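Chain and residue survey
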Amino acid sequence: MSSSTPLGEFLRARREGLKPHDVGLPEYGRRRVKGLRREEVAMLAGMSGDYYVRLEQGRESSPSPQVIEAVARALLLEEEAADHLRRLARPPRPRSRRPAQEQVGPQLLQVMDGFAHSPAFVLGPALDVLAGNAMARALHEAFSPADNLARMVFCDPAGREFYPEWERAAHSCVAELRAAYGHDPNSARITEVVADLSARSPEFADLWRRHEVRSKTQEVKHLRHPHVGDLHIRFTALTVNGTPHQQLVIYQAEPDGPTAAAFQRLAERAGALGRAATG
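Criteria and cut-off values
- Residues numbered from 1 in each chain as written.
- Predicted model: local features only at pLDDT ≥ 70, side-chain atom pairs only at ≥ 80, totals over all residues.
- Heavy atoms only, no water.
- Buried < 20%, exposed > 50% of the residue type's maximum accessible area, 1.4 Å probe, protein only.
- Helix = DSSP H or I, 4+ residues; strand = E, 2+ residues; numbered from the N terminus.
- Pairing = 2+ DSSP bridges.
- Axes fitted to C-alpha atoms, helices over the stretch in contact; angles between N-to-C directions.
- Contact = heavy atoms within 4.5 Å.
- Phe/Tyr/Trp six-rings, centres within 6.5 Å; stacked < 30°, edge-to-face > 60°.
- Lys NZ or Arg CZ within 6 Å of the ring centre and 35° of its normal.
- Expected span 1.5 Å × (residues − 1).
- Parallel < 35°, antiparallel > 145°, perpendicular 65-115°, else oblique.
- Left-handed = near helix turned anticlockwise from the far one by under 90°.
- Nonpolar A, V, L, I, M, F, W, Y, C, P; charged D, E, K, R; others polar.
- Salt bridge = Lys/Arg side-chain N within 4 Å of Asp/Glu carboxyl O.

1. A word on the pairing of strand E1 (residues 120-123)
Residue alternation in E1 divides its side chains into two sets, Ala120 and Val122 and Phe121 and Leu123, and both sets are buried. Note that E1 and strand E5 (residues 243-252) share four bridges and pair antiparallel. Residue pairing for E5: Phe121 is matched across the bridge by Val249. With three bridges joining them, E1 and strand E2 (residues 129-132) adopt antiparallel strand pairing.

2. A short note on the sheet that holds E5
In spatial order, the strands read E2-E1-E5-E4-E3; together these five strands make up an open sheet with antiparallel pairing. The open sheet has two edge strands with one neighbour each: E2 and strand E3 (221-225). Across the sheet, the axes of successive neighbouring strands diverge by a mean angle of 35 degrees, strand direction being ignored. Contacting E3, strand E4 (229-240) and E5, helix H13 (residues 258-278) crosses the sheet at an angle of about 80 degrees to E4.

3. A short note on the packing of aromatic side chains
Here the structure, examined in full by the defined rule, presents eight aromatic pairs. Their ring planes at 80 degrees and their centres at 5.1 Å tell us that Phe143 and Phe162 sit as a pair that is edge-to-face. In this pair, Phe143 is assigned in the loop between helix H7 (134-139) and helix H8 (149-154) and Phe162 in helix H9 (residues 158-162), connecting sequence segments 19 residues apart. The pair Phe143 / Phe162 is uniform in exposure class, with both members buried. Ring centres of Phe162 and Tyr163 lie 4.9 Å apart, and the angle between their planes is 85 degrees; this geometry places the pair in the edge-to-face category. In terms of burial, Phe162 and Tyr163 fall into one category: buried. One aromatic cluster is present, built from ring pairs that chain together Phe154, Trp166, Tyr181, Phe204 and Trp208. Seen from the ring of Trp166, Arg160 lies directly overhead, with NZ or CZ sitting 3.6 Å from the centre. One Lys or Arg, Arg178, reaches over the ring of Trp208 and ends 3.6 Å from the middle of that ring.

4. With respect to helix H11 (residues 188-200)
The periodicity of an α-helix, 3.6 residues per turn, causes residues three or four positions apart to be oriented the same way. Between its first and last C-alpha, H11 extends 18 Å over 13 residues, near the 18 Å set by a 1.5 Å rise per residue. For H11, every residue scored as buried is listed here: Arg189, Ile190, Thr191, Val193, Val194 and Leu197. Taken together, the buried residues of H11 touch H8, helix H10 (166-183) and helix H12 (202-209).

5. A closer look at helix H3 (residues 49-56)
Of the positions making up H3, those classed as buried are Tyr51, Tyr52, Val53, Leu55 and Glu56. Along its buried surface, H3 packs onto helix H1 (6-16), helix H2 (38-45) and helix H4 (65-74). Of the residues flanking the end of H3, it is Gly58, one or two places downstream, whose phi is positive at about 75 degrees.

6. Focus on the packing of H1 against helix H5 (residues 79-88)
Contact pair H1 / H5: the axes reach a minimum separation of 9 Å and the direction vectors enclose 150 degrees. Between H1 and H5, the angle is such that the two are roughly antiparallel. Crossing of H1 over H5 shows left-handed handedness. Of the residues in H5, those in contact with Pro6, Leu7, Phe10, Leu11 and Arg14 of H1 are Ala81, His84, Leu85 and Leu88. For the contact of H1 with H5, the class distribution of residues is seven nonpolar, one polar and one charged.

7. What to know about the pattern of salt bridges
If charged atoms from side chains of opposite charge come close, those side chains can pair. Inspection of the entire model under this criterion finds 19 salt bridges. The partner of Arg86 in a salt bridge is Glu79, with the nearest N and O atoms 3.0 Å apart. A salt bridge links Glu165 to Arg168; its shortest N-O distance comes to 2.9 Å. The exposure class assigned to Arg168 is partly exposed, which follows from its relative accessible area of 38%. Within this structure, Glu69, Glu79, Asp83 and Arg86 form a network of salt bridges that share partners.

Spelled out as structure tokens, the structure:
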């Protein structure tokens, strides 16, 4: 984590990701800065250069909503990134303590077990896998341990095989973690995960510095299980009522397709793994 403010880090990263022609400005000769200059963003947003510098340096703690909207337009932020900017501009909250252990309620565990033919698992805001049904445990059996999706993607050797479209999975994972960070920049657990992965994975550190923001989408995921083969899945992510920091994720297959057949093999494997564990 940088010593700068989260707001300043985000503004700088998004400014550096733009070229003058992206915003209709001419570009002459060699530029000494990456992306747009601060004064160019200030001009596009209709504010003084000094004020914008204070925003990036964290010396302006309470920008007005009008200022934030102007900066969002100047940086060409899409709506989700603009929402992230609005959250970062709010007054900081006290640092949250990491719970001793995040608990998944017994009713939710029962609901997950009811999905006998679909992997279902609960994620925390730092992408910790808090619980899963038998299908989810069989799906993730190649990982040791299957404890955090970000760690599984970037630090577990099984990740490159499990995610054939690894770069897409990596970008999505970091963007989801960034979105969660925007909701709680002072989260001790998110800070811990980011620091750990930044130290262990240069690829994670590079993507984290880009400040891309995106929550879960409904795009088809391509996974490759070592025993049941390729899976092309759709999924549903539901906020858990009463614990809004948790999400229930359910993987689904198109009926009568190859993935549905693979899910049937996965269910048989889940049964065998369960019997082996209790035997």
